[in-house]
Amino acid sequence: MGTMSKKAAQAKLKQAYDLILEAIDDLGYPVKTDQNFAETAARAAKAMVEMVKPTEEIKEQIDTMLSRTFPAHYDEMVISKHNISFGMCPHHLLPVLYRISVAYLPGERVLGISKLSRICKLLSHRPVLQEDLTQELAALLHERMETRGSAAYVEGLHLCMAARGVGAHEARVVTSAVRGVFRENPATRQEFLDLVTAAPLNLL
Ligand SMILES: [Zn+2]
């Protein structure tokens, strides 16, 4: 993580949140007289630190995961569907709720299935643009795993859209990216899209 330690960054964030709270009070919400805000700057700073997973940390964890793959005789599509994770939009620093599906066609080796979910979580846990996240997921599965092809389908509920501005509560931003066979063969791409857009299992 940059040149600054996590602790120093958190202290800086706390100062910033103190100022934000002052401005909210200026806007007309009585922050200064409400005890609920007594520790808010420190808590908000800690939460922000948790929402920004350092690039170096993500890289290390992904390297570790990708170093443990298994030989496989399976050459059909492997899909990890509807992984829920949280991120933050780089334009407003507001939360985004993601539902991410990824797939690949194995080359020589496969990845433990839970690792696909972990990769989705890891890569989304930072202020990354949804479009870039989608491309990175597909590229990672294709290039780093030496697969025959890969795909990512990402649905994002952006609070910057849902909670303010246009107030599009129902709006989902949908992005997809494909590599290799998924790009070259429209039937493979369509099979993936059909599988990930079918109604999800309703377990609740
Ligand atoms: Zn935004």
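For the structure, check the block above.
What comes next is a walk through the structure. Everything numeric in this text was worked out from a predicted model, so none of it was measured.

1. Here we look at the coordination of the zinc ion
In this structure, Cys89 (SG), His92 (ND1) and Cys160 (SG) serve as the protein donors to the zinc ion, at separations of 2.2 to 2.3 Å. Positions of the donor residues of the zinc ion, expressed as sequence spacing, correspond to C-x2-H-x67-C. Placement of the pair is His92 in the loop between β2 (78-88) and β3 (95-105) and Cys160 in helix α6 (residues 159-162), with a sequence separation of 68 residues. We classify Cys160 as buried; its relative accessible area is 9%.

2. A closer look at the nonpolar core
Among the nonpolar cores identified, the biggest contains 29 residues, and Ile62, Ile100, Val102, Ile119 and Leu137 are the most heavily contacted of them. Contacts of Ile62, omitting those with residues within four sequence positions, involve Leu122, Leu123, Leu140 and Arg144. Core analysis: the second largest hydrophobic core is formed by nine residues, Ala103, Leu105, Ala151 and Phe192 among them.

3. Re a nonpolar patch on the surface
Together, Ile20, Ile24, Leu27 and Tyr29 line one region of the surface with nonpolar side chains, adding up to about 410 Å² of accessible area. Given a relative accessible area of 30%, Ile24 falls into the partly exposed group.

4. A short note on helix α3 (residues 55-66)
Given a rise of 1.5 Å per residue, twelve residues ought to cover 16 Å, and the 16 Å separating the end C-alpha atoms of α3 matches this to within 8%. Taken together, the buried positions of α3 are occupied by Ile58, Ile62, Met65 and Leu66. Down the axis of α3, the sector holding all buried residues measures 90°, keeping them to one side. Residues of α3 that are buried make contact with β1 (69-71), β4 (109-111), α4 (113-124) and α5 (130-144).

5. Topic: the packing of helix α1 (residues 6-26) against helix α2 (residues 40-51)
Where α1 meets α2, the axes come as close as 8 Å, and the angle between the chain directions of the two elements is 130°. One element, α1, and the other, α2, form an angle in the oblique class. The chirality of how α1 crosses α2 is right-handed. Contact residues: α1 offers Lys6, Gln10, Leu13, Lys14, Tyr17, Asp18 and Leu21, while α2 offers Thr40, Ala41, Ala42, Ala44, Ala45, Lys46, Met48 and Val49.

6. Some words on the sheet that holds strand β6 (residues 173-180)
With antiparallel pairing, the four strands of this open sheet are ordered in space as β2-β3-β5-β6. Edge strands, defined here as strands with exactly one partner in the open sheet, are β2 and β6. When the angles between neighbouring strand axes are averaged without regard to direction, this sheet yields 15°. Judged from the ten bridges that link them, β3 and strand β5 (residues 149-158) form a sheet pairing that is antiparallel. Looking across to β5, one finds that Ile100 is bridged to Val154. The strands touched by α4 are β2 and β3; relative to β2, the strand with the most contacts, the crossing angle is about 25°.

7. Thoughts on a negative patch on the surface
On the surface, a cluster of negative charge is contributed by Asp75, Glu76, Glu191 and Asp194. With respect to the secondary-structure elements, Asp194 resides in helix α8 (residues 186-197). Take Asp194: its relative accessible area is 45%, and that puts it in the partly exposed class.

8. Remarks on the packing of aromatic side chains
Evaluated as defined, the whole model comprises two aromatic pairs. Seen from their ring centres, Tyr29 and Phe37 are 6.0 Å apart, and the 70° between their planes marks the pair as edge-to-face. For Tyr29, a relative accessible area of 45% puts it in the partly exposed group. Since its relative accessible area comes to 23%, Phe37 is described here as partly exposed.

9. Points about unusual backbone geometry
Unusually for a residue other than glycine, Leu93 sits at a positive phi of about 55°. Within the fold, Leu93 resides in the loop between β2 and β3. A positive phi angle, near 50°, is found at Glu146, a position not held by glycine. When you line up the elements, Glu146 lands in the loop between α5 and β5.

What counts and what doesn't
Sequence order as written defines the numbering, with residues in each chain counted from 1. Note on the predicted model: pLDDT of at least 70 is required for a residue's local features to be given, and 80 or more for side-chain atom pairs to be given and counted; whole-chain, interface and lining totals, by contrast, use all residues. Values reported for side chains reflect all heavy atoms of the structure, with hydrogen atoms and water molecules removed beforehand. Donor atoms are limited to N, O and S found within 2.8 Å of the metal ion, a distance that becomes 3.2 Å for Na, K and Ca. With water left out, some sites might look partial. A run of H or I in DSSP becomes a helix once it reaches four residues, and a run of E becomes a strand once it reaches two; helices and strands are each numbered from the N terminus. In this scheme, a residue with accessible area under 20% of its type's maximum is buried, one over 50% is exposed, and one in between is partly exposed, where area comes from a 1.4 Å probe on protein chains only. Residue types Ala, Val, Leu, Ile, Met, Phe, Trp, Tyr and Cys, when buried and joined through side-chain atoms within 4.5 Å, form a set referred to as a nonpolar core. Residue contacts are counted whenever heavy atoms from the two residues lie within 4.5 Å of one another. Patches here: salt-bridge-free residues with over 30% relative accessible area, like charges joined within 9 Å, nonpolar side chains (Val, Leu, Ile, Met, Phe, Trp, Tyr) joined within 5 Å. Per-residue and other accessible areas were derived by the Shrake-Rupley procedure at a 1.4 Å probe size, with only the shown protein chains allowed to occlude residues. Counted as salt bridges are all cases of a side-chain nitrogen of Lys or Arg within 4 Å of a carboxyl oxygen of Asp or Glu. By this rule, a helix spans an expected 1.5 Å times one less than how many residues it contains. This arc is built from the directions going out from the helix axis to the C-beta atoms. Fitted lines through C-alpha atoms give the axes, limited to the stretch in contact for helices. The angle between two N-to-C directions lies from 0 to 180 degrees. Geometric relationships in this document are graded by angle, where less than 35 degrees denotes roughly parallel, more than 145 denotes roughly antiparallel, 65 to 115 denotes roughly perpendicular, and other angles denote oblique. Each crossing gets its handedness from the near helix: less than a right angle anticlockwise from the far helix is left-handed, clockwise is right-handed. Pairing between strands is defined by DSSP: at least two bridges between the two strands are required. Positive charges come from Lys and Arg alone, negative charges from Asp and Glu alone, with His and the N- and C-terminal ends not counted. Where a charge lies is defined by one atom per residue type: Lys uses NZ, Arg uses CZ, Asp uses CG and Glu uses CD. Two aromatic rings, drawn from Phe, Tyr or Trp (for Trp, its six-membered ring), form a pair once their centres lie within 6.5 Å of each other, and the interplanar angle then sorts them: stacked below 30 degrees, edge-to-face above 60, tilted otherwise.

Shape is all these values report; function is a separate question.
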